[in-house]
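Survey of secondary and tertiary structure
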Amino acid sequence: DIKLSKKETMEIAQSLDISEKKEIDHLLYVKGNLCSENHVGFDKEVYVTGDALIGPNNMLQALYSEGDVKISEGTQFKRWLDADGNITIGVNCDLGISVSSGNKIHIANNCVFRRLYGMPIVTSHNQTAEFQYPPETFFSKESSLPETSFTRKNDSAVPPGTVINNNIVFTGDIRIGSSTSITGTIKSYGDVFLEDDVIIYGNVFADGDIFIGRNAKISGHLFSQGSIYISEQTLISRPDKIKSIIAKKEIQIEQNVIIYGFVATEGHGGIL
């Protein structure tokens, strides 16, 4: 028995295997590795000094691991998941309020979330997939970003293949044509729609929604008062730069997306 905000019972165990359909109604401290089978319930917080392998259709309050964590399909978190090592998450999981790791978070499809932090966050149903990272020189243009002043434009569209070296404020909805390259930050009083293969060396801010097409590369932050949709093959930030993706209403992320940093929404977050 220990005294926290109230009296609690804690089990201290060596490396532990938990059989299916078992209910753990106390705090759990595992010195070593933790492995659970199908339909196990953890009603209280769990601390693991080694690796954690959580079986399918488990229910957890909160889990912290000093090693790697693998979450099987259909598992639900009520609060949070944190690990010093890599986190791998199977399909159809509810990730609760927060998932964080100083290393890689790999998330399969049909998962829901509120907050994510990983270096990087990778979405893919194929856990062994190899992703093509850009060369080291890819984000070198960040050093040539323009000053903080903005040019105001009433345009509703930017033609495909346009090259822009400026910070721009658009007064309404804006559609950025495919293969456009922008060195600078863009802001919009409406929605921002990026077609495929757009590159932005800077931030994207919108009072409305932000839609990001396939194979986009964005070096900065994304912020929307509405929703953000990120299509496949998109890369956001890089290993030495922590960036944030924040949308008040909703964030939806397709497969094969790489994000270095923080993702958060007050509403619904989904990995498609």
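Computed from a prediction, not measured in an experiment: that's the story for all the values here. Counting from 1, residues in each chain are numbered in the order their sequence is written. Where totals are concerned, whole chains, interfaces and linings use all residues; where local detail is concerned, this predicted model gives features only for residues with pLDDT of at least 70, and gives and counts side-chain atom pairs only at 80 or more. Only hydrogens and water are set aside when side-chain values are computed; all heavy atoms of the structure are taken into account.

**Some details on the overall build of the chain**
Here is the rule we go by: Strands are runs of DSSP state E lasting at least 2 residues, helices are runs of H or I lasting at least 4, and numbering of each runs from the N terminus. Under the scheme applied here, a residue whose accessible area is under 20% of the maximum for its type counts as buried, over 50% as exposed, and between as partly exposed, the area being computed with a 1.4 Å probe on protein chains only. The contact criterion used is simple: two residues touch if any of their non-hydrogen atoms lie within 4.5 Å. Residue burial considers only the protein chains on display, and all accessible areas are found by Shrake-Rupley using a 1.4 Å probe. When charges are counted, Lys and Arg contribute as positive and Asp and Glu as negative, whereas His and the chain ends are disregarded. Charge placement uses NZ in Lys and CZ in Arg. For Asp and Glu, CG and CD serve respectively.
Within the chain, the regular secondary structure consists of zero helices and 32 strands. In terms of overall dimensions, the chain has C-alpha extents of about 65 × 35 × 30 Å along its principal axes. Taken across its 272 residues, the chain has 48% of its residues classed as buried. When contacts within the chain are restricted to residue pairs at least 6 apart in sequence, long-range pairs at least 24 apart make up 17% of them. Summing over all exposed atoms, the chain offers an accessible surface of approximately 12,500 Å²; the carbon and sulfur share of this is 46%. A gap of 5 Å separates the mean positions of the 25 positive and 34 negative side-chain charges of the chain.

**Overview of the environment of V158**
Within the secondary structure layout, V158 lies in strand 16 (residues 157-158). On the accessibility criterion, V158 (8% relative accessible area) is buried. Separated by 37 residues in sequence, V158 and I121 have C-alpha atoms that sit 30 Å apart. Residues in contact with V158, not counting those within four places in the same chain, are I164, F170, I174, R175, I176, G177 and T180.

**Considering the nonpolar core**
Convention followed: To define a nonpolar core, start from buried Ala, Val, Leu, Ile, Met, Phe, Trp, Tyr and Cys residues and group those joined through side-chain atoms within 4.5 Å.
In terms of nonpolar packing, the biggest core is built from 61 residues, with L34, L63 and I89 touching the most fellow members. Contact partners of L34, with chain neighbours within four places excluded, come to L16, I18, L28, F42, V46, V48, D51, A52, L53 and I54. Within the second largest apolar cluster, five residues are counted, among which are V122, L235, I258 and Y260.

**Considering the pairing of strand 32 (residues 257-271)**
Put simply, the test is: One bridge is not enough; two strands pair if DSSP finds at least two bridges between them.
Most of strand 32 sits out of view: 11 of its 15 residues are buried. Taken together, the two bridges between strand 29 (residues 235-236) and strand 32 define a ladder with parallel strand orientation. Directly across from L235, in strand 32, lies its bridge partner I258. Summarising the sheet, strand 30 (residues 243-247) and strand 32 pair through five bridges and their orientation is parallel. Its bridge partner lying in strand 32, I246 is registered against A264. Relative to strand 32, strand 31 (residues 250-253) runs parallel, the two sharing four bridges. The residue bridging E250 from the neighbouring strand is H268, located in strand 32.

**Considerations on the side chain of S36**
Worth spelling out the cut-off: Pairs of N or O atoms are called polar contacts if they sit within 3.5 Å, as long as, within protein, a hydrogen donor faces a hydrogen acceptor (for residues adjacent in sequence, only side-chain-to-side-chain pairs).
Structurally, S36 is set in strand 5 (residues 27-36). Take S36: its relative accessible area is 4%, and that puts it in the buried class. Looking at S36, its side chain comes within polar contact range of the side chain of N58, at 2.6 Å. Sequence-distant contacts of S36, that is, excluding residues within four places in its chain, are made with I18, F42, L53, I54, G55 and N58.

**Section: the pattern of salt bridges**
Rules: Salt bridges, as used here, are contacts in which a Lys or Arg side-chain nitrogen is within 4 Å of a carboxyl oxygen on Asp or Glu.
Evaluation of the coordinates by the stated rule reveals six salt bridges. A salt bridge links K7 to D1; the shortest N-O distance between them is 3.6 Å. Its salt-bridge partner being D240, residue R238 comes within 2.7 Å of it at the nearest N-O pair. For D240, a relative accessible area of 54% gives the class exposed.

**Quick word on the environment of E11**
Looking at where E11 falls in the secondary structure, it is placed in strand 3 (residues 10-18). If near-sequence neighbours (up to four positions away) are discounted, E11 is found in contact with H26, L27, L28 and Y29. Among the polar contacts listed, one links the side chain of E11 to the side chain of H26, at a separation of 2.8 Å.

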